[in-house]
Amino acid sequence: MYSELIFRQLFDATSSTYTYLLADPITRQAVIIDTVFEQHLRDRALIEELGLELVTTLDTHCHADHVTGAWLMQQATGCRIGVSRRYGAAMQGADMLLDHGDIVVFGHRHLDVRATPGHTDGCVSYVSDDRRMVFTGDALLIRGAGRCDFQQGHAGTLYHSITEQLFSLPDDCLVFPAHDYSGRTMSSVGEERVHNPRIGGHADERDFVGFMENLNLPHPKQLAVALPANLRSGQPADGQVPRLADWGPVRQTYAGLLEIEPEWVAEHLSEVLVLDVRQEGEVDARLGHIQGAQILPLNTLKARLAEVPQDRPVITVCHAGMRSGQATVILRQGGFTRLANMRGGMLLWHELDLPVEAAS
Ligand SMILES: [Fe+2]
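Residues numbered from 1 in each chain as written. Predicted model: local features only at pLDDT ≥ 70, side-chain atom pairs only at ≥ 80, totals over all residues. Heavy atoms only, no water.

What about the coordination of the iron ion?
Coordination angles at a metal have ideal targets, namely 109.5 degrees for four tetrahedral donors and 90 or 180 degrees for six octahedral donors. Protein coordination at the iron ion: the donors are H61 (NE2), H119 (NE2) and D138 (OD), at 2.1 to 2.4 Å from the metal. Site description for the iron ion: donor spacing in sequence, H-x57-H-x18-D. Placement of H119 in the loop between β8 (109–115) and β9 (124–128) and of D138 in the loop between β10 (133–137) and β11 (140–141) is noted, with a sequence separation of 19 residues between them. Residues H119 and D138 agree in their burial class; the two are buried. (Donors = N, O, S within 2.8 Å, 3.2 Å for Na, K, Ca; no water. Helix = DSSP H or I, 4+ residues; strand = E, 2+ residues; numbered from the N terminus. Buried < 20%, exposed > 50% of the residue type's maximum accessible area, 1.4 Å probe, protein only.)

A look at the sheet that holds β8
The mixed open sheet is built from six strands, whose spatial order is β7-β8-β9-β10-β13-β14. Looking at which strands have only one partner, the edges of the open sheet turn out to be β7 (103–106) and β14 (187–188). The pairing of strand β13 (residues 174–177) with β14 spans two bridges and is classified as antiparallel. In the sheet register, L174 faces β14, and the bridge partner there is S188. (Pairing = 2+ DSSP bridges.)

Notes on the packing of aromatic side chains
This structure, assessed with the given rule, holds 10 aromatic pairs. Between F7 and Y20 the ring centres are 6.1 Å apart and the planes differ by 10°, which places this aromatic pair in the stacked class. Taken together, the residues span a long stretch of sequence, with F7 in strand β1 (residues 6–12) and Y20 in strand β2 (residues 17–23) at a distance of 13 residues. Overall, the relative accessible area of 22% leaves F7 in the partly exposed class. Take Y20: its relative accessible area is 1%, and that puts it in the buried class. Summarising the aromatic geometry, the rings of F7 and F135 are spaced 6.2 Å apart at their centres and angled 45° between planes, so their arrangement reads as tilted. Residue F7 is located in strand β1, and its partner F135 is located in strand β10; the two are separated by 128 residues in the primary sequence. Ring-pair connections join several aromatic residues into one group, and the members of that group are F7, F11, Y18, Y20, F135 and F176. (Phe/Tyr/Trp six-rings, centres within 6.5 Å; stacked < 30°, edge-to-face > 60°.)

Quick look at unusual backbone geometry
The phi dihedral of S16 is positive, around 55°, even though this residue is not glycine. Structurally, the position occupied by S16 is in the loop between β1 and β2. Even without a glycine there, the phi angle at Q152 is positive, about 55°. Structurally, Q152 can be placed in the loop between β12 (144–145) and α3 (155–166). When its relative accessible area of 44% is taken as the criterion, Q152 is described as partly exposed.

Some remarks on the side chain of S128
Note that S128 resides in strand β9. S128 sits in the buried class, given a relative accessible area of 1%. Polar contacts involving the side chain of S128 include one to the main-chain amide nitrogen of R132, which spans 3.2 Å. Discounting chain neighbours no more than four positions away, the residues touching S128 are H110, L111, D112 and M133. (Polar contact = N/O pair within 3.5 Å; in protein donor to acceptor, adjacent residues only side chain to side chain. Contact = heavy atoms within 4.5 Å.)

What follows is the structure, encoded as structure tokens:
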């Protein structure tokens, strides 16, 4: 059965990396391509908020410029880790070793794997089952091609990968690379075949190799860190999942806010400060307030930050959990580090039948 894709393109500004989330809207099964370690919480929040079940995290290749988020994603969701089989025993942690002709299934949809070596030995491109999209990693970039001067790179090999495996796709097939450094987000096969200054137009193999051998690029800054970590599929050297907070199960939303569940707050009231940022008149008999809450309306918070004690984690609360989210931003700007917004505010607190005190 064919269904349109859920599709998101995400960007890491530090490494200029694109991450792609694809899902089947019927089964909600998803794959994510080329995650970035530091963006794990963002990507994971998006998956959760869209109600998706991540089945596989894929890398187009062993990256040299950032650490993959694959291992973190597997720890969080139990998904499989897919990468090229051609890296051999050097690559640890992947449980789905891929090669040319394999398919990666998510729900009723799948990606076809095409081997596109040249930038590295194990570079693959992922083609959507309808051939409308190709995720080219660092093989074919927008108006460029991945460097071939380290990590088993070979420009002649890359020439054949691009011309035979990628330029053979339909002209209107959209090209989504792993990086762009100039704000471009996508291209198409037809467009690159004509306009790519390294391999488009009438460039032959000798032209391409001559170009690629004279790029004179600096060595990637992240190489010494990224390569060993990526050969462990992004598992940190200490094997530990970094924690967002040492005091409670704080999560980060896709909006970038720190959030905590009301049930946890109810069970740990003595360990935290509940900061209620509703207007005074709003803390009424109907919704009441949480026992021990400090009332400090949002519009006065910035001026009265000194009144908020810093000896305990601060949980911000409001009517529905929106203004209290903004309160965490103000607190953070004021130097608070242990803080979280209580999800759903007093409305959810009531829905969950958690205890309230009437306003005095
Ligand atoms: Fe790369």
